[in-house]
Structure formats: C-alpha cells, structure tokens
Amino acid sequence: MRGSTQSTGLAHATTARIGLTGVHVNPASWAALDSRAASVYGGQMYGLPELRHGALSIHWPQWGHTFSAGSSTFGFEDYRETYLSVGVARAIRLGTTRRLHVGATARYYHVGVSRFGSAQTVGVHLGAIMQVLPLIHVGAHATNVNQPAWTTDAPLPRTLSIGAAYDVSERVDLSADLFKDLDFPLRFRSGIEANVLPILVFRGGMQTAPSEFALGLELQRGALHLGVAAEQHWELGWSPAADIRVLW
C-alpha cells in the first residue's frame, strides 16, 4: 500500500532508509526525525478512478520517542479499504556513534463491499534499522506479524523486507531491498535519491516480479515539501501520486 512520494519514487526500496515519513514505511525510519512532520498524499493506480488511494499522517518526536498516527483509504463506492494506524519509534545508542532504530505500528483494517457487508481486524508491524558502517545502514520490516485475517479463510498479506542504504555523498543516496509477500515471488527493489539543487530532489527506482520502474521529484522550500512520483508497470501503465509535507 502506498503512502508517500518518497517511497513511490524509490520503487519502495526504503527498508533501511532513515528519516522517512508516511503511514506505510518502515516504522523504525521515524526514530531519526528531529522535527514534527505532517503529510497529505493522493494517487491513482494505472489511471483507473476505482483504484484511487489517499493517506494522512503525522509524526511527533517527544520524550525520546517519535509517535505517529495516520489513516489511508483505497477503492471506490462498491469496494473500500480503510486503515487507521498508530505507532512509536525510538533510537537506541550503541556505543559512541552508532544507533539502532526500532519501531512498531498497530493498524486497524476495515473493508466494505457493497451488498456483502464489511469486516475488520488489527495488524501489528515491526521494523528495525541499524548503522553498520558510518555510511551504511541495514534494516528489516515485517508486516502483520500477528497473522490477522478478514475471516478464518481470508488472511491479510504478511510481508518481510530486508534492505541496505548507502550514503554515497551529501547529495546522493542508494538503497536496495529484498521484499517477500508470503503468497508471491521474491521481489528485488532498488532506488537512488539525489539532491540536484538545494531546493530539488530527484528519485528513481526499479523493482522486479513484475518489472516496474519509478520516478519522483520533490521541491523543498523551508518547511514545505511538495512531491510528485509515478510508477510504471510494463503492462498496466502508470500510477501517478503527489503529496504535501510540512516540517516544523
């Protein structure tokens, strides 16, 4: 599920990235935030109005932790998925320079289908990111670890991703993930982020199984960040998205 143009523009290769926001990224990423952040996100998959999705999120560092709350929605009048999330993250110092970032999210799921009723459940998501070298982080993110289900024979997707992020320079970052949904083939994801100008960030990425690539741009002006991104599926087409983030 999408929730930020930061993630979309990197083809979701964000497991080991720190300082990201959004309702669906690795919750350990929030632990590195040093300011409050709020965002509004919207997108449409493959150009279909029935596959519109939107999200709201807020992240608030306080008392040595970062707290988060958010909501997202996906679908149309006859089929609608709604999510409400709360989470917490913390950075734990390891020695004099290294830190371990850990985070957890509890997510309430609700699905409504016209003429068939609705169902709801709660899932737990866990994440960790650790600095292994001055410029390299590794991370892991597991979703729905408590094995929630809509009904006894309709479990929610359970996923696991592991990844690495490399700060090539002050302007360029690289990341790569291995992502596995228990019901689908292993996916490889990779992304690059470059600060091409003081106010402009470029993002690009690709993933396999199926093959997709992504592009994104972000304009930064003080506390205001405006992002656009799009993913391209070789057969189904483009999925554009945009968001507004405010940091204070």
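Our subject is the structure listed above.
Residues numbered from 1 in each chain as written. Predicted model: local features only at pLDDT ≥ 70, side-chain atom pairs only at ≥ 80, totals over all residues. Heavy atoms only, no water.

**Comments concerning the layout of surface pockets**
Heads up, the condition is: Cavities and pockets are defined on a 1 Å grid built over the protein atoms alone: a cavity is a set of grid points where a 1.4 Å probe fits but cannot escape, while a pocket is an open set with protein on both sides within 12 Å along at least five of seven lines, and lining residues are those with an atom within 4 Å of any such point. Grid points are joined across faces, edges and corners, and a volume is the space filled by probe spheres set on the points. Each helix is a run of H or I in the DSSP string that is no shorter than four residues. Each strand is a run of E no shorter than two, and both are numbered from the N terminus. In the scheme used here, Gly and all other residues not listed as nonpolar or charged are polar, with Ala, Val, Leu, Ile, Met, Phe, Trp, Tyr, Cys and Pro taken as nonpolar and Asp, Glu, Lys and Arg as charged.
By volume, the second largest pocket is sized at about 470 Å³. Those elements that place two or more of their residues in the lining of the second largest pocket are strand E10 (159-167), strand E12 (187-197), strand E13 (200-207), strand E14 (212-221) and strand E16 (237-247). Here the residues of the lining of the second largest pocket sort into seven nonpolar, eight polar and eight charged.

**As for the packing of aromatic side chains**
The following threshold applies: Centres within 6.5 Å are what make two rings of Phe, Tyr or Trp a pair, Trp counting through its six-membered ring; a difference in plane orientation under 30 degrees is then read as stacked, over 60 as edge-to-face, and the rest as tilted. Residue burial is assigned from relative accessible area. The probe radius is 1.4 Å, only protein chains are included, and a residue is buried under 20% of its type maximum, exposed over 50%, and partly exposed in between.
Enumeration over the complete set of coordinates arrives at six aromatic pairs. With a centroid separation of 6.2 Å and 75 degrees between ring planes, the pair formed by Trp63 and Phe67 is classed as edge-to-face. Its relative accessible area of 69% is what places Trp63 among the exposed residues. Between Tyr109 and Trp150 the ring centres are 6.2 Å apart and the planes differ by 85 degrees, which places this aromatic pair in the edge-to-face class. With Tyr109 in strand E5 (residues 98-113) and Trp150 in strand E8 (residues 149-151), the pair connects residues that are 41 residues apart, well separated along the chain. Each residue in the set Tyr83, Tyr109 and Trp150 is aromatic and connected to the rest through ring pairs, giving one cluster.

**Brief notes about the nonpolar core**
For clarity, the cut-off: Nonpolar cores are built from buried Ala, Val, Leu, Ile, Met, Phe, Trp, Tyr and Cys residues. Side-chain atoms within 4.5 Å join them into one set. Contact criterion: two residues are considered in contact whenever any of their non-hydrogen atoms come within 4.5 Å of each other.
Leu20, Val25, Trp30, Ala31, Leu33 and Ala89 together form the largest nonpolar core, which totals six residues. Residue contacts for Ala89: discarding those within four places in its chain leaves Pro27, Trp30, Ala31, His65, Thr66, Val102 and Gly103.

**A word on unusual backbone geometry**
A negative phi angle characterises most non-glycine residues, just as the trans form characterises most peptide bonds. Cis rather than trans, the peptide bond between Ala209 and Pro210 has omega equal to 5 degrees. Among the structural elements, Pro210 can be located in the loop between E13 and E14. Of note in this structure, Ala11 is not a glycine but carries a positive phi near 55 degrees. Here Ala11 shows up in the loop between helix H1 (5-9) and strand E1 (37-44). One non-glycine residue, Asn144, lies in the positive phi region at around 50 degrees. Within the fold, Asn144 resides in the loop between strand E7 (136-143) and E8. The class for Asn144 is buried, based on a relative accessible area of 3%.

**Re the pairing of E16**
To keep it simple, the criterion reads: One requirement defines pairing of two strands: DSSP has to find at least two bridges between them.
Of the pairings in the sheet, the one linking E1 to E16 comprises seven bridges and is antiparallel in character. Of the residues in E16, the one forming a bridge with Gly42 is Ala242. One ladder, built from 10 bridges, connects strand E15 (residues 224-233) with E16; its direction is antiparallel. Residue Ala230 lies in a different strand from E16, and its bridge partner there is Pro240. What sits between the antiparallel neighbours E15 and E16 is a turn of three residues.

**Notes on the environment of Val23**
Residue position: Val23 is located in the loop between H1 and E1. Classification of Val23 by relative accessible area gives buried; the value is 6%. Taking C-alpha positions, Val23 is 9.5 Å from His59, a pair spaced 36 residues apart along the chain. The contacts of Val23, once residues within four sequence positions are left out, are Ala55, Leu56, Ser57, Gly70, Ser71, Ser72 and Arg107.

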